[in-house]
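# Analysis of the macromolecular model
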Amino acid sequence: MLIRTPKPSEIKENQVTDEHIYQNRRKILKSMGFLGASALMVSPHARAISWFGDDENKTFKTTPLEFSQPKVHQSDEALTPEQKVISHNNFYEFGTGKSDPVTQSQSFKVDPWSLSIDGLVEKPLTLNYDDLYKSFDLEERIYRLRCVEAWSMVVPWIGFSLADLIKKAMPLSTAKYAVFETLYDPDQMPGQRNRFSGGGIDYPYVEGLRLDEAMHPLSLMSVGLYGKTLPPQNGAPIRLVVPWKYGFKSIKSVVRIRLTDKIPKTTWQQLAASEYGFYANVNPQVDHPRWTQASERRITSGGLFTRNRIPTQMFNGYPEVASMYADMDLRKFY
Ligand SMILES: Nc1nc2c(c(=O)[nH]1)N[C@H]1C(S)=C(S)[C@@H](COP(=O)(O)O)O[C@H]1N2
Ligand SMILES: [Mo]
């Protein structure tokens, strides 16, 4: 995401050069053991700028997960390499640069965790850390995720249908929207400590879906990727993945889902309503006010400067959601 009004003391991600991100990422990958000695020789003087402190010598421990392999939601597209999925992130709670989340989140505590579902439901419920992995059948789904900034990834997520979770809480007929909230914990999340470190966002991060969108079989609560539990930079221990919407709807490290009858004001709408709407359906015909949405850069196994520009597809290539918007003007409801 890009912020509209620059503040002088803020590192904006478009001011962080590709080269810097590249060097920083190499350093991280090196510390995680992905790169050999030869990688170091390419840039012996590489020095990552550390904005908040140093978390990068620790590595968060993920654990293997058991899951089923359903026939649906598989894909023949090339997967984005795991080390890119876990080192190029947007998670403003840990800083606004693409490599801040991986460097600043490695000591994030996910156990104990508490995720509550409340509001307009008959049976409010709370899941603890173990419930996240044990209360539902976990399956692997390969989904494209397209960021509003026009890069995209193909990721083997592990998780369960959001619909199954909502059904357990028994929604009242008056419920029309689901509102999601990320953990608020400035001690652990340096981006929440002041306006500048967190991109001007008024935390906690909030997202929302219409209830029919939330109940759509594609909407996934993800607890893992690449066969393991999620690392913090990707939203551990549980995050939403809504593959037909821009990436910012896929809220990370969720602690609360509240059903309501009023449309919520989401974090990015609060920050820049003219740029980020409630719906945020991937739509190559509706440009972001400052750049095109007609194409995207697919992150693959190539280097950072590899050209992988591909056309963006309507609803990110998930046409089965179109009927939910049949009588809506998608330019107005962007
Ligand atoms: N809480 C929270 N969730 C968030 C964000 C964030 O800053 N905070 N960034 C969003 C954006 S802009 C994108 S593109 C995706 C990126 O997910 P990934 O890092 O797993 O690829 O997470 C989304 N979820
Ligand atoms: Mo994004």
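Sequence order as written defines the numbering, with residues in each chain counted from 1. The order in which chains are written sets their letters, starting at A; the order in which ligands are written sets their numbers, starting at 1. Where local features are concerned, this predicted model is filtered to residues with pLDDT of at least 70; where side-chain atom pairs are given and counted, the filter is 80 or more; whole-chain, interface and lining totals use all residues. Remark: hydrogens and water are excluded; side-chain values derive from all non-hydrogen atoms of the structure.

### Topic: the site of ligand 1
To keep it simple, the criterion reads: Residues are labelled near a given molecule or strand when at least one of their non-hydrogen atoms is within 4 Å of it. Pairing of N or O atoms within 3.5 Å defines a polar contact, subject to two protein rules: one partner must be a possible hydrogen donor and the other a possible acceptor, and residues neighboring in sequence count only if both atoms are side-chain atoms. The Shrake-Rupley method, run with a 1.4 Å probe, gives the accessible areas here. Residue values count only the displayed protein chains as cover. In this classification, the charged set is Asp, Glu, Lys and Arg, the nonpolar set is Ala, Val, Leu, Ile, Met, Phe, Trp, Tyr, Cys and Pro, and all remaining amino acids, among them Gly, are polar.
Ligand 1 sits among 18 residues. The nearest are Asn89, Tyr92, Glu93, Thr182 and Lys252. Between ligand 1 and the protein, one listed contact pairs an oxygen atom with a backbone N or O atom of Tyr92 at 2.8 Å. Within the side chain of Asn234, a nitrogen or oxygen atom sits 3.0 Å from an oxygen atom of ligand 1. Notes on ligand 1: free accessible area 540 Å², of which the protein chains cover 99%. Here the residues of the shell around ligand 1 are counted per class, giving 9 nonpolar, 6 polar and 3 charged.

### Overview of the nonpolar core
Convention followed: The criterion is simple. A nonpolar core is a set of buried Ala, Val, Leu, Ile, Met, Phe, Trp, Tyr and Cys residues joined through side-chain atoms within 4.5 Å. Buried, partly exposed and exposed residues are distinguished by accessible area as a fraction of the type maximum, computed with a 1.4 Å probe on protein chains only: under 20%, between the cut-offs, and over 50%, respectively. Strands here mean DSSP runs of E at least two residues long; helices mean DSSP runs of H or I at least four residues long; both are numbered from the N terminus.
Ranked by size, the top nonpolar core spans 81 residues in total, and within it Leu115, Leu162, Leu165 and Ile257 carry the most contacts. Here this core gets 6 residues from one element, more than from any other, and that element is strand 4 (residues 151-161).

### Some remarks on the side chain of Ser219
We apply this condition: Contacts: residue pairs with any heavy atoms within 4.5 Å of one another.
Here Ser219 lies in the loop between helix 7 (211-214) and strand 7 (220-225). Not counting residues within four places of it along the chain, the set of residues in contact with Ser219 comprises Arg141, Phe160, Ser161, Leu162, Glu213, Ala214, Val241, Val242 and Trp244.

### Things to note about the sheet that holds strand 5 (residues 177-182)
Here is the rule: When DSSP finds two or more bridges between two strands, those strands count as paired. In this analysis an axis means a line fitted to C-alpha atoms, helices contributing only their contacting stretch, and an angle means the value between N-to-C directions, from 0 to 180 degrees.
A sheet is described by the order of its strands in space; here 5 strands give the open sequence 2-1-10-5-6, paired in mixed fashion. In the strand order of this sheet, the two ends are held by strand 2 (125-128) and strand 6 (206-210), each with one partner. With strand direction ignored, the average angle separating the axes of adjacent strands in the sheet is 15 degrees. Sheet strands touched by helix 6 (residues 162-169): strand 1 (114-119), strand 2, strand 5, strand 6 and strand 10 (254-260). Its angle to strand 2, the strand with the most contacts, is close to 130 degrees.

### Notes on the side chain of Thr229
With respect to the element layout, Thr229 can be found in strand 8 (residues 228-229). Owing to a relative accessible area of 7%, Thr229 belongs among the buried residues under this scheme. Dropping the residues within four chain positions of it, Thr229 is found in contact with Thr62, Thr63, Leu65, Tyr133, Val223 and Gly224.

### Considering the pattern of salt bridges
Side-chain pairs of opposite charge can arise whenever the charged atoms involved come near each other. Applied cut-off: Counted as salt bridges are all cases of a side-chain nitrogen of Lys or Arg within 4 Å of a carboxyl oxygen of Asp or Glu.
For the structure on display, the rule yields 14 salt bridges. Taking the shortest distance from any N to any O, the salt bridge between Glu77 and Arg144 comes out at 2.6 Å. Here Glu77 is found in the loop between helix 2 (37-42) and helix 3 (82-85), whereas its partner Arg144 is found in strand 3 (residues 139-146), with 67 residues between them in sequence. Using a relative accessible area of 25% as the deciding quantity, one classes Glu77 as partly exposed. By relative accessible area, Arg144 is classed as buried at 13%.

### With respect to the environment of Pro171
By secondary structure assignment, the location of Pro171 is in the loop between helix 6 and strand 5. By relative accessible area, Pro171 is classed as partly exposed at 28%. Considered as a pair, Pro171 and Leu259 are 88 residues apart in the sequence and their alpha carbons are 7.5 Å apart. In this structure, Pro171 is in contact with Leu120, Val121, Ile166 and Leu259, ignoring residues within four places of it in sequence.

### As for empty space enclosed by the protein
Which parts of space are left empty comes out when a probe the size of a water molecule is rolled across the atoms. Selection rule: The pocket and cavity definitions rest on a 1 Å grid over protein atoms only: a 1.4 Å probe that fits but cannot leave marks a cavity, an open set with protein on both sides within 12 Å along at least five of seven lines marks a pocket, and residues lining either have an atom within 4 Å of a point. Grid points are joined across faces, edges and corners, and a volume is the space filled by probe spheres set on the points.
Tallied over the entire structure, the rule returns 3 cavities of 30 Å³ or more. Here the largest cavity is characterised by a volume of approximately 350 Å³. Lining the largest cavity are 25 residues; nearest its centre among them are Asn90, Arg239, Gly247, Ser250 and Lys252. Elements with a minimum of two residues in the lining of the largest cavity: strand 3 and strand 4. Top element by residues in the lining of the largest cavity is strand 4. It accounts for 4 residues.

### Digging into the packing of aromatic side chains
For clarity, the cut-off: By convention, a stacked pair of Phe, Tyr or Trp rings (six-membered ring in the case of Trp) has centres within 6.5 Å and planes under 30 degrees apart, an edge-to-face pair has planes over 60 apart, and any other such pair is tilted.
Taken as a whole and judged by the stated rule, the model has 14 aromatic pairs. Between Phe91 and Phe94 the ring centres are 5.0 Å apart and the planes differ by 85 degrees, which places this aromatic pair in the edge-to-face class. Phe94 shares its class with Phe91; the two are buried. The interplanar angle of 85 degrees and the centroid separation of 5.8 Å between the aromatic rings of Tyr177 and Phe278 together place this pair among those described as edge-to-face.

### Remarks on the pairing of strand 4
Of all the 11 residues making up strand 4, 11 are buried; the element is thus mostly covered by neighbouring parts of the structure. Strand direction decides the pairing type here: strand 3 and strand 4, joined by 8 bridges, are antiparallel. When the bridges of strand 4 are listed, Glu140 appears paired with Ile158. With antiparallel pairing between neighbouring strands as the criterion, strand 3 and strand 4 make up a hairpin whose turn holds 4 residues, including Ala150 at a positive phi of roughly 75 degrees. As paired strands, strand 4 and strand 11 (residues 295-298) are joined by 2 bridges and run parallel to one another. Directly across from Trp151, in strand 11, lies its bridge partner Arg297. In this sheet, strand 7 lies alongside strand 4 in antiparallel orientation, the contact comprising 5 bridges. Note that in strand 7 the partner of Phe160 across the bridge is Met221.

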